[in-house]
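What follows is each chain in one-letter form.
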Amino acid sequence: MSNPTPPIPSDLTLSTYQVNDSVGYLISRTRSLMTNLVTQRTQDEIGITGTQASMLFMIAVGKCSTAAELAREYGIDASAVTRLLDRVEKRGLLSRVRCVDDRRVVRLALTDEGRAIAEQLPAIFRSVLDPLLDGFTPEEVGFLKSMLRRILSNGCDTIGGSGNA
């Protein structure tokens, strides 16, 4: 059972809004920080952006197998995903394979080099995240994950999505 959305306070205005206390702002800044740190590492170590690395990872673990699935997962336009995939394919890290059952579907498959890079990504992701979670207890990390899953679930409920949170 979901809780009703609390009403917006009537005294909330631009002059009273505290951006540094906004959950949305804090989540956005955290995501931006993590993305920038991952990109620094992936560009230095394997020569691709954090977004490209993340997409290779999602393909490698089987969460996404088409450009459309990646676009939905990342909440970005399909044409932007196509451009990102074009660059990754040009580097020889993935190939596009037409589905034999439905010729309209084009699946993404990692090349041997793409798989080798994907194998490095969990360690890179972990090396970025561990210092950010320094001082958190395992229980606090579990609670944070639980709350983030609830936010995602609430968002899927709100927009009528069916994502797994």
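See the structure above.
Throughout what follows, the structure given in this document is the object of discussion. (Residues numbered from 1 in each chain as written. Predicted model: local features only at pLDDT ≥ 70, side-chain atom pairs only at ≥ 80, totals over all residues. Heavy atoms only, no water.)

## Notes on the packing of helix H2 (residues 50–60) against helix H3 (residues 67–74)
When two helices pack together, their arrangement is given by the angle between their axes and by how far apart the axes lie.
At step 1: Close contact between H2 and H3 brings their axes to 11 Å; oriented N to C, the two are set at 120°. As far as their axial angle goes, H3 and H2 are oblique. Judged by the sense of rotation from one axis to the other, the crossing of H2 with H3 is right-handed. Between H2, through Ser54, Met55, Met58 and Ile59, and H3, the contact on the second element is made entirely by Leu70, Glu73 and Tyr74.
At step 2: Each residue belonging to the contact of H2 with H3 can be placed in one class, and the counts come to five nonpolar, one polar and one charged. (Axes fitted to C-alpha atoms, helices over the stretch in contact; angles between N-to-C directions. Helix = DSSP H or I, 4+ residues; strand = E, 2+ residues; numbered from the N terminus. Parallel < 35°, antiparallel > 145°, perpendicular 65-115°, else oblique. Left-handed = near helix turned anticlockwise from the far one by under 90°. Contact = heavy atoms within 4.5 Å. Nonpolar A, V, L, I, M, F, W, Y, C, P; charged D, E, K, R; others polar.)

## Section: the packing of aromatic side chains
At step 1: Summed over the entire model, instances satisfying the criterion amount to one aromatic pair.
At step 2: The interplanar angle of 80° and the centroid separation of 5.4 Å between the aromatic rings of Phe57 and Phe125 together place this pair among those described as edge-to-face. With Phe57 in helix H2 and Phe125 in helix H5 (residues 112–132), this pair connects stretches of sequence that are 68 residues apart.
At step 3: Residue classification places Phe57 among the partly exposed positions, given a relative accessible area of 24%. (Phe/Tyr/Trp six-rings, centres within 6.5 Å; stacked < 30°, edge-to-face > 60°. Buried < 20%, exposed > 50% of the residue type's maximum accessible area, 1.4 Å probe, protein only.)

## Considerations on a nonpolar patch on the surface
At step 1: Taken together, Val23, Ile27, Phe136, Phe143, Leu144, Met147, Leu148 and Ile151 make up a surface patch of nonpolar side chains, about 680 Å² in accessible area.
At step 2: For the nonpolar patch, the secondary structure elements donating two or more residues are helix H1 (23–46) and helix H6 (138–159).
At step 3: Structurally, Val23 can be placed in helix H1. (Patch = residues over 30% accessible without salt bridge, like charges linked within 9 Å, V, L, I, M, F, W, Y side chains within 5 Å. Areas by Shrake-Rupley, 256 points an atom, 1.4 Å probe, with all protein chains shown as cover. Salt bridge = Lys/Arg side-chain N within 4 Å of Asp/Glu carboxyl O.)

## Here's the deal with the pattern of salt bridges
At step 1: Evaluation of the coordinates by the stated rule reveals six salt bridges.
At step 2: Two residues, Arg41 and Glu45, come together in a salt bridge whose shortest N-O distance is 2.5 Å. Separated by four residues within a single helix, Arg41 and Glu45 lie in helix H1, roughly one turn from each other.
At step 3: In this structure, Arg104 and Asp102 form a salt bridge, with 2.9 Å as the shortest nitrogen-oxygen distance.
At step 4: In this structure, a network of salt bridges that share partners links the residues Asp86, Glu89 and Arg96.

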